[in-house]
Amino acid sequence: MVSADFAERPVKKLVLFDVDGTLSPARQNASLEIIQLLRDLRKQVAIGFVGGSDLVKISQQLSVGDFNVLQEFDFGFAENGLTAYRLGSPLESQSFIKMVGEKDYQELVNFILHYIADMNIPIKRGTFVEFRNGMINVSPIGRNATVQERNDFEAYDKERHVRADFVDILQEKFKRLNLTFSIGGQISFDVFPHGWDKTYCLRHVEKDNFEEIHFFGDKTRKGGNDYEIFSDSRTVGHTVESPADTKRICTELFLS
């Protein structure tokens, strides 16, 4: 039986959403249509977001109009759930630096920065390694790139496999650290300990006993940062190509 906090929802299911490419264009704001969709869905089911970015970035993308992410989502999972909220209240968090250790962390970051320095790609901007609470985010062109530069690099990466080749090298060199390297978004990939992918968030919802947990994401192929939770036996996975796709499928499944 579903927990008392969600007993009044007509459908005893949880619907989780990736952010970039699923609820909003990558690193851009969600549309008013998506915000309305989320509000309509919450009248029927429990809803949550699970993104690789930190809470500040996710909030910036989803705080459209008077929409407050921690008040209007039942569950908020930033950094794959390593920073987590349930009904607006924080849950236990985890630390990448405590898990890996300062010495190994510095060796990893030093190697990454040297590799990027020697990389021959069309442009480089700034913030190549971003430290987050539960992971690091690595971007060959830098997270300071403009929207157009991000779009251009995404197309370039599809042809040249810049991120995939970089990940292969890191996996081999740092296999002793038991890290996962997960490509997501347009310009970067995440690095975190094994098991700290998006399935990490599922431990926070186990006690609520939902009948089903649905997950919507765009990077659901192997190597993408939605793959693990999409393919997990505890979820019903849905691949989307855009926020419009998300709206269409959610309307068909839960609002028709």
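In this text, all values refer to a predicted model and were calculated from it rather than measured experimentally. (Residues numbered from 1 in each chain as written. Predicted model: local features only at pLDDT ≥ 70, side-chain atom pairs only at ≥ 80, totals over all residues. Heavy atoms only, no water.)

1. Overview of the pattern of salt bridges
Inclusion rule: Criterion for a salt bridge: a side-chain nitrogen of Lys or Arg within 4 Å of a carboxyl oxygen of Asp or Glu. A helix here means a DSSP run of H or I that spans at least four residues, while a strand means a run of E at least two residues long, and both kinds are numbered starting from the N terminus. Burial here depends on accessible area, computed with a 1.4 Å probe over protein chains only, as a share of the maximum for the residue type. Under 20% is buried, over 50% is exposed, and the range in between is partly exposed.
The full count for this structure, using the stated rule, is 25 salt bridges. Between D18 and K198 there is a salt bridge whose closest N-O contact spans 2.9 Å. Of this pair, D18 sits in the loop between β1 (13-17) and α1 (32-42) while K198 sits in the loop between β9 (188-193) and β10 (212-217), and the two are 180 residues apart along the sequence. Since its relative accessible area comes to 5%, D18 is described here as buried. Note that K175 and E172 form a salt bridge whose closest N and O atoms lie 3.5 Å from each other. By relative accessible area, K175 is classed as exposed at 52%. Given the relative accessible area of 52%, E172 is considered exposed. Overlapping salt bridges, with partners in common, bring together D54, K57, E130, R132, R143 and D190 in one network.

2. Details of unusual backbone geometry
What is expected of a backbone is that most residues other than glycine have negative phi and most peptide bonds are trans. Even without a glycine there, the phi angle at R27 is positive, about 55°. By the element assignment, R27 lies in the loop between β1 and α1. In this structure, N209 takes a positive phi of about 55° despite not being glycine. As for its placement among the helices and strands, N209 is situated in the loop between β9 and β10. Residue classification places N209 among the partly exposed residues on the basis of a relative accessible area of 44%.

3. With respect to the environment of Q28
We apply this condition: Any pair of residues with heavy atoms lying within 4.5 Å of one another is described as a contacting pair.
With respect to the helices and strands, the residue Q28 is situated in the loop between β1 and α1. Separated by 33 residues in the primary sequence, Q28 and Q61 place their C-alpha atoms 5.7 Å from one another. The contact partners of Q28, leaving out residues within four places of it in the chain, are Q61 and V147.

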